[in-house]
Amino acid sequence: MPVRSHSRVKARSSEAVLPLPQTCVDALLDPAKRQAVEAARLGEVWQPSGLVVTSSIGTPMDPRNFYRKFKERAAKSRVPVIPVHSTRRTCASLLVHLGVHPRVAMQILQHSQIAVTMDIYAQVSSDSTRDALAQLDASLGVRL
């Protein structure tokens, strides 16, 4: 089922269909199954919105309720609670850490400029920096 946003997107390219990792697909199937059950149970009370994450009657979820649920999930998963928008930065940083080409990361994050992806979103860990310097040192073969 195509997912529609209930508000306007910043750029037309933000409406592009992107492949998702299977982990994300699996996570999105649970709400879809719940919605089907709730829609059948509630009948005419259910208000289909075409959204994946909804209230208990199918309407768009209030952002405060979404963030409350987000914090509950983070606590249950034993990960730090961060602002929802920071999950984009986390994704970018993970892609950099995995060695994903910056252009691919840019496409995944739907940025129009590579500078946005690399300068603002992608944060490199200290371990990655040390590893890069060790590789550079080894490639130079210079011992002082």
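Look above for the structure.
A short tour of the structure in this document, coming up. Keep in mind that this is a model prediction, so the values were computed, not measured.

### A look at the packing of aromatic side chains
The description of two aromatic rings rests on the distance between their centres and on the angle between their planes. According to the stated counting rule, one finds two aromatic pairs in the structure shown. Relative to Phe70, the ring of Phe66 has its centre 6.5 Å away and its plane inclined at 20 degrees; by these criteria the two rings are stacked. One end of the pair is Phe66 and the other is Phe70, both in helix 2 (residues 63–77) and four residues apart, which spans about a single turn. Using a relative accessible area of 33% as the deciding quantity, one classes Phe66 as partly exposed.

### Quick look at helix 4 (residues 102–109)
Of all the positions in helix 4, only Ala105, Met106 and Leu109 are classed as buried. Buried residues along helix 4 cover an arc of 105 degrees about the axis, so they all sit on one side. Downstream of helix 4 by a residue or two, Gln110 has a phi angle that is positive, lying close to 60 degrees.

### A word on helix 6 (residues 126–140)
The α-helix winds at 3.6 residues per turn, so residues separated by three or four positions along the chain end up facing the same way. Between its first and last C-alpha atoms helix 6 spans 21 Å; for 15 residues at 1.5 Å apiece the expected length is 21 Å, and the two agree. Directly beyond the C-terminal end of helix 6, a positive phi value near 65 degrees is found at Gly141.

### Thoughts on the packing of helix 3 (residues 86–97) against helix 4
Between helix 3 and helix 4, the least distance of the axes is 10 Å, while the angle of their chain directions is 155 degrees. Judged by the angle between their axes, helix 3 and helix 4 are roughly antiparallel. Taken as a pair, helix 3 and helix 4 cross one another with a handedness that is right-handed. The segment helix 3 lies against helix 4, with Arg88, Cys91, Ala92 and Leu95 engaging Ala105, Ile108 and Leu109. Grouping the constituent residues of the contact of helix 3 with helix 4 by class yields six nonpolar, no polar and one charged.

### Some thoughts on a positive patch on the surface
There is a patch of like positive charges on the surface, built from Arg34, Lys69, Arg73 and Lys76. In terms of residue count, the dominant contributor to the positive patch is helix 2 (three residues). Locating Arg73 in the fold gives a position in helix 2. Taking relative accessible area as the criterion, Arg73 reaches 61% and is therefore assigned exposed.

### A few points about the pattern of salt bridges
Proximity of charged atoms lets side chains of opposite charge pair with each other. A full pass over the atoms with the stated rule returns three salt bridges. Between Arg41 and Glu38 there is a salt bridge, with its nearest N and O atoms 2.8 Å apart. You can see Arg41 and its partner Glu38 sitting in helix 1 (residues 22–42), three residues apart, about one turn around the helix. Arg41 sits in the exposed class, given a relative accessible area of 57%. Taking the relative accessible area as the measure of exposure, Glu38 reaches 17% and is therefore buried. For Arg68, the salt bridge goes to Glu72, with nearest N and O atoms at 3.4 Å. On the criterion of helical spacing, the pair formed by Arg68 and Glu72 is a turn pair, its members being four residues apart in helix 2.

The rules we used
- Residue indices follow the written sequence of each chain, beginning from 1 at its first position.
- Restriction of local features to residues with pLDDT of at least 70 applies here, the model being predicted, together with a cutoff of 80 or more for giving and counting side-chain atom pairs; totals for whole chains, interfaces and linings are based on all residues.
- Side-chain descriptors were evaluated using all non-hydrogen atoms of the structure, hydrogens and water having been removed beforehand.
- Geometry of aromatic contacts follows a simple scheme: Phe, Tyr and Trp rings, the Trp one being its six-membered ring, pair when their centres are within 6.5 Å, and the pair is stacked under 30 degrees between planes, edge-to-face over 60, tilted otherwise.
- Each helix corresponds to a stretch of at least 4 residues labelled H or I by DSSP, and each strand to a stretch of at least 2 residues labelled E; elements are numbered beginning at the N terminus.
- Burial classes: relative accessible area under 20% of the type maximum marks a residue as buried, over 50% as exposed, and values in between as partly exposed (1.4 Å probe, protein chains only).
- The arc in question is formed by the directions pointing from the helix axis toward the C-beta atoms.
- For a helix, the expected span equals 1.5 Å multiplied by the number of residues minus one.
- Orientation is described by axes fitted as lines to C-alpha atoms, over the contacting stretch for helices, and by angles from 0 to 180 degrees between their N-to-C directions.
- Note on angle classes: values under 35 degrees are labelled roughly parallel, values over 145 roughly antiparallel, values of 65 to 115 roughly perpendicular, and the remainder oblique.
- For any helix crossing, the convention is left-handed if the near helix is rotated counterclockwise from the far helix by under a right angle, and right-handed if that rotation is clockwise.
- Note on definitions: a residue-residue contact is assigned when non-hydrogen atoms from the two residues lie within 4.5 Å.
- Classification convention: Asp, Glu, Lys, Arg as charged; Ala, Val, Leu, Ile, Met, Phe, Trp, Tyr, Cys, Pro as nonpolar; all other residues, Gly among them, as polar.
- Two joining distances apply to patches: 9 Å for like charges and 5 Å for nonpolar side chains (Val, Leu, Ile, Met, Phe, Trp, Tyr), and every residue must have over 30% relative accessible area and no salt bridge.
- Per-residue and other accessible areas were derived by the Shrake-Rupley procedure at a 1.4 Å probe size, with only the shown protein chains allowed to occlude residues.
- In what follows, salt bridge is the name for a side-chain nitrogen of Lys or Arg lying within 4 Å of a carboxyl oxygen of Asp or Glu.
- Counted as positive: Lys and Arg. Counted as negative: Asp and Glu, with His and the chain ends omitted from the count.
- For charged residues, the charge sits on one atom: NZ in Lys, CZ in Arg, CG in Asp, CD in Glu.

Purely geometric numbers; function is a separate question.
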